[in-house]
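Observations on the model geometry
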Amino acid sequence: MRGAIIVIAGDTLAVHELFGLLGPSANMFCREFHEEIVDVETFSLLDETDFNRLNLNTGQRKKNQKIQAEIISNSKNTTKESIKNELYEEYEYIEQEDELGVSLEKEFDIDCVFQQTPEGRNIIELLKEQNSINSKLIKAITTVLPEVSEYLINRFGYHPSAHHKNVVALSLVNKYDVLKSNSAAMPQALWFYPHGRGHGRHSGKLHYHIEYMVKKFEKQIRRTKEENADSAKAHNAANDDLTGDGLVDMITKLKFIVPSEASFEVIKTDWMKTVEARNVLRKKDKSEDLADKMTDMFPLSTAFNGLLINLDFTQMFPETIENSSNWSLLQDKVLTKFKHFHPTVNTQFIRSLLIIKEKNPSRGAKRANKGSQKISNLLEGIVEWIKKMYPEDDINQYVVGYRSTKNPVMIVKAQLYAEGECYIRIGKRFFSVGSEIEQAFTTLIKTHYFFSYKFEPAHANFFSLFTGAILNVAKPSTTVTDFLVQLK
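As the structure is a prediction and not an experimental result, all values here were calculated from the model.

What counts and how
- Residues numbered from 1 in each chain as written.
- Predicted model: local features only at pLDDT ≥ 70, side-chain atom pairs only at ≥ 80, totals over all residues.
- Heavy atoms only, no water.
- Helix = DSSP H or I, 4+ residues; strand = E, 2+ residues; numbered from the N terminus.
- Buried < 20%, exposed > 50% of the residue type's maximum accessible area, 1.4 Å probe, protein only.
- Contact = heavy atoms within 4.5 Å.
- Areas by Shrake-Rupley, 256 points an atom, 1.4 Å probe, with all protein chains shown as cover.
- Pairing = 2+ DSSP bridges.
- Expected span 1.5 Å × (residues − 1).
- Salt bridge = Lys/Arg side-chain N within 4 Å of Asp/Glu carboxyl O.
- pLDDT = per-residue confidence, 0-100.
- Axes fitted to C-alpha atoms, helices over the stretch in contact; angles between N-to-C directions.
- Parallel < 35°, antiparallel > 145°, perpendicular 65-115°, else oblique.
- Left-handed = near helix turned anticlockwise from the far one by under 90°.
- Phe/Tyr/Trp six-rings, centres within 6.5 Å; stacked < 30°, edge-to-face > 60°.
- Lys NZ or Arg CZ within 6 Å of the ring centre and 35° of its normal.
- Core = buried A, V, L, I, M, F, W, Y, C linked by side-chain atoms within 4.5 Å.

1. Looking at the overall build of the chain
When helices and strands are counted, the chain shows 22 helices and six strands. Burial statistics for the chain: of 488 residues in total, 44% are counted as buried. Intrachain contacts of the chain at a sequence separation of at least 6 include 58% that bridge at least 24 residues. Of the roughly 27,500 Å² of accessible surface on the chain, a fraction of 50% belongs to carbon and sulfur atoms.

If you want it as structure tokens, here you go:
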């Protein structure tokens with residue numbers, strides 16, 4: 001109580017006379033006021049009930065109420081001043097936003113950004129001339145990025161929101177059709193792909209260029225130390241021992257370009273030119289997280305149903321000729337020799353896989369019967385079926401929770417041992433490989449080589465048949481050689 005009164009009126013004789021307290025030099029207040037009221041707000045809330053309990057006379061009450069009224073009045077004036085300052089600050093912010101007549105709450109004419117500089121005005125003329133993707137346009141796109149990125153950074157700092165990046169991206173493609181992606185649902189995907197950030201996903205040129213500027217000017221970037229270290233290692237591994245003008249630019253271009261039917265030929269050409277960079281990365285980096293580094297550096301690896309992985313495989317083994325007739329002949333022999341095995345499986349290819357797995361066991365492999373428990377999927381850890389376990393659109397949930405192996409696994413959306421849409425899971429990411437199950441399985445094998453995975457020891461003999469007798473990239477194991485002799 002004493003503290004509250006002193007805050008208002010000071011520790012003077014007048015205060016003590018007002019409430020009939022002891023003198024200012026006394027060590028304590030009189031009994032009636034010796035209570036714990038330590039702030040002005042509590043003091044201002046005292047009412048008649050409190051005055052009665054404290055035995056205040058009429059004069060003391062009136063003076064007390066006067067002080068309370070002054071507290072309330074001062075409080076209101078302070079609040080009004082605070083609101084006024086906030087409004088002024090907000091007004092200044094709005095004025096800054098509207099400098100170019102753009103609010104960024106909705107799409108706008110992107111030319112108003114370009115027209116601020118001579119380079120920007122040249123971009124306008126160049127974009128108006130273009131009607132197809134070519135090297136000249138790619139160069140124009142590279143020139144566009146600094147202009148647009150700097151505009152966003154000047155407005156919102158080095159971490160503009162997804163909303164603002166998306167508005168700018170939409171404004172770009174709505175003004176210039178040639179900058180649109182092939183996706184009708186996401187025409188701005190080349191520049192900014194909402195919710196596209198994360199491992200193995202393309203976030204758009206605008207997003208990546210701002211990240212580049214953050215790194216260039218040593219501004220704070222929202223990455224963990226591990227991610228920064230991994231990114232640096234991957235970049236260095238790709239550039240060490242490599243020469244040639246424009247290689248780094250080509251790798252950067254592949255990282256930014258959006259995969260589509262229209263951009264496929266450009267991507268394919270540049271992909272073949274950068275194959276050595278990936279070979280160097282595989283050679284130098286033997287860590288378990290090579291797949292993450294490779295996918296972060298070359299996010300297109302998993303595009304086009306694994307076609308780029310297949311292209312790399314042919315470059316890794318240039319003397320190998322993949323002969324599909326080899327498999328057709330071998331499959332016929334397997335199904336004829338073991339015609340009583342798995343007769344209820346309707347798909348011949350899957351039935352062949354089951355027979356090969358059963359007839360080519362490896363040390364440590366699970367048997368068909370584990371004690372009294374029968375194993376439902378004999379290809380567990382190689383091919384998984386998830387139709388019954390998860391909704392069709394929830395494969396991501398399955399992949400995140402999968403624990404059977406760290407190696408690549410093929411996932412089929414169908415009943416057990418049936419055909420369906422196929423995916424390949426690598427770590428906590430996955431990618432589509434189409435619905436042709438035989439082709440998807442071949443891509444699974446090539447994915448092991450692309451990301452430098454060694455085949456699981458428990459499945460070594462199973463895969464040895466395909467790498468040794470079909471793809472011809474390794475020597476068949478003794479078990480597989482004996483199996484092939486049986487077929488003859």
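2. Some thoughts on the pairing of strand S6 (residues 429-432)
The alternating pattern of S6 places Arg 429 and Phe 431 on a buried face, while none of Phe 430 and Ser 432, on the opposite face, is buried. Across four bridges, the pairing between strand S5 (residues 421-426) and S6 is antiparallel. Its bridge partner lying in S6, Ile 424 is registered against Phe 431. Between S5 and S6, which pair antiparallel one after the other, the connecting turn spans two residues, and Gly 427 there sits at a positive phi close to 60°.

3. A few points about helix H9 (residues 162-175)
Compared with the 20 Å implied by 1.5 Å per residue over 14 residues, the 20 Å span of H9 between its first and last C-alpha is a close match. With ten of 14 residues buried, H9 lies mostly within the body of the structure. Within the sequence span of H9, burial applies to His 164, Lys 165, Asn 166, Val 167, Val 168, Ala 169, Leu 170, Ser 171, Leu 172 and Val 173.

4. Regarding the pattern of salt bridges
Evaluated as defined, the whole model comprises nine salt bridges. Taking the shortest distance from any N to any O, the salt bridge between Arg 429 and Asp 292 comes out at 2.9 Å. Residue Arg 429 is found in strand S6, and its partner Asp 292 is found in helix H15 (residues 290-297); the two are separated by 137 residues along the sequence. Accessibility expressed as a relative area gives 10% for Arg 429, which makes it buried. We classify Asp 292 as partly exposed; its relative accessible area is 33%.

5. Observations concerning the pairing of S5
Most of S5 sits out of view: five of its six residues are buried. One ladder, built from five bridges, connects strand S4 (residues 409-413) with S5; its direction is antiparallel. Counted as the bridge partner of Met 410 is Ile 424 from S5.

6. Remarks on the confidence of the model for the chain
Across the chain, pLDDT averages 75, with 67% of residues at or above 70. Counted against residues more than four places away or in other chains, residues 1-13, with its pLDDT under 50, gives 30 contacts. A low-confidence stretch, residues 22-36 stays under pLDDT 50, and its non-local contacts, those more than four residues away or across chains, total 24 contacts.

7. Topic: the packing of helix H21 (residues 460-470) against helix H22 (residues 478-487)
Two elements in contact, H21 and H22, have axes whose closest approach is 9 Å; the angle formed by their N-to-C orientations is 70°. For the element pair H21 / H22, the angle class is roughly perpendicular. Regarding H21 and H22, the two cross each other, and that crossing is right-handed. Within the contact between the two elements, H21 uses Asn 461, Ser 464, Leu 465 and Ala 469 and H22 uses Thr 479, Val 480, Phe 483 and Leu 484.

8. Here we look at the sheet that holds S6
Within the open sheet, the four strands sit side by side as S3-S4-S5-S6. Their pairing is mixed. Here the strands that pair on one side only, and so sit at the sheet edges, are strand S3 (383-385) and S6. Each strand axis lies, on average, 30° off the axis of its neighbour in the sheet, ignoring direction. Across the face of the sheet, helix H20 (residues 437-450) comes into contact with S3, S4, S5 and S6 while running at roughly 10° to S5.

9. Some words on the packing of aromatic side chains
Geometrically, a pair of aromatic rings is defined through the distance of the ring centres and the angle of the planes. This model, assessed by the stated rule, comprises 22 aromatic pairs. Relative to Tyr 417, the ring of Trp 385 has its centre 5.3 Å away and its plane inclined at 85°; by these criteria the two rings are edge-to-face. Linking Trp 385 in strand S3 with Tyr 417 in the loop between S4 and S5, this pair joins segments that are 32 residues apart in sequence. With respect to burial, Trp 385 and Tyr 417 carry one shared label: buried. Considering the side-chain rings of Phe 455 and Phe 463, the 4.5 Å spacing of their centres and the 20° angle between planes classify their relative orientation as stacked. Among the aromatic residues, ring-to-ring pairing joins Phe 313, Phe 317, Trp 327, Phe 349, Phe 441, Tyr 449, Phe 455, Phe 462, Phe 463 and Phe 466 into one connected group. Lying over the aromatic face of Phe 450, Arg 282 brings its terminal NZ or CZ to 4.8 Å of the ring centre.

10. Considering the nonpolar core
Counting 63 residues, the largest nonpolar core has Phe 441, Phe 462 and Phe 466 as its most contacted members. In terms of residues, this core owes the most to one element, H20, which gives seven residues. The contacts of Phe 462, once residues within four sequence positions are left out, are Leu 353, Ile 356, Lys 357, Asn 360, Leu 379, Ile 382 and Phe 441. Membership of the second largest hydrophobic core comes to 29 residues, among which are Tyr 151, Ile 153, Val 167 and Ala 169.

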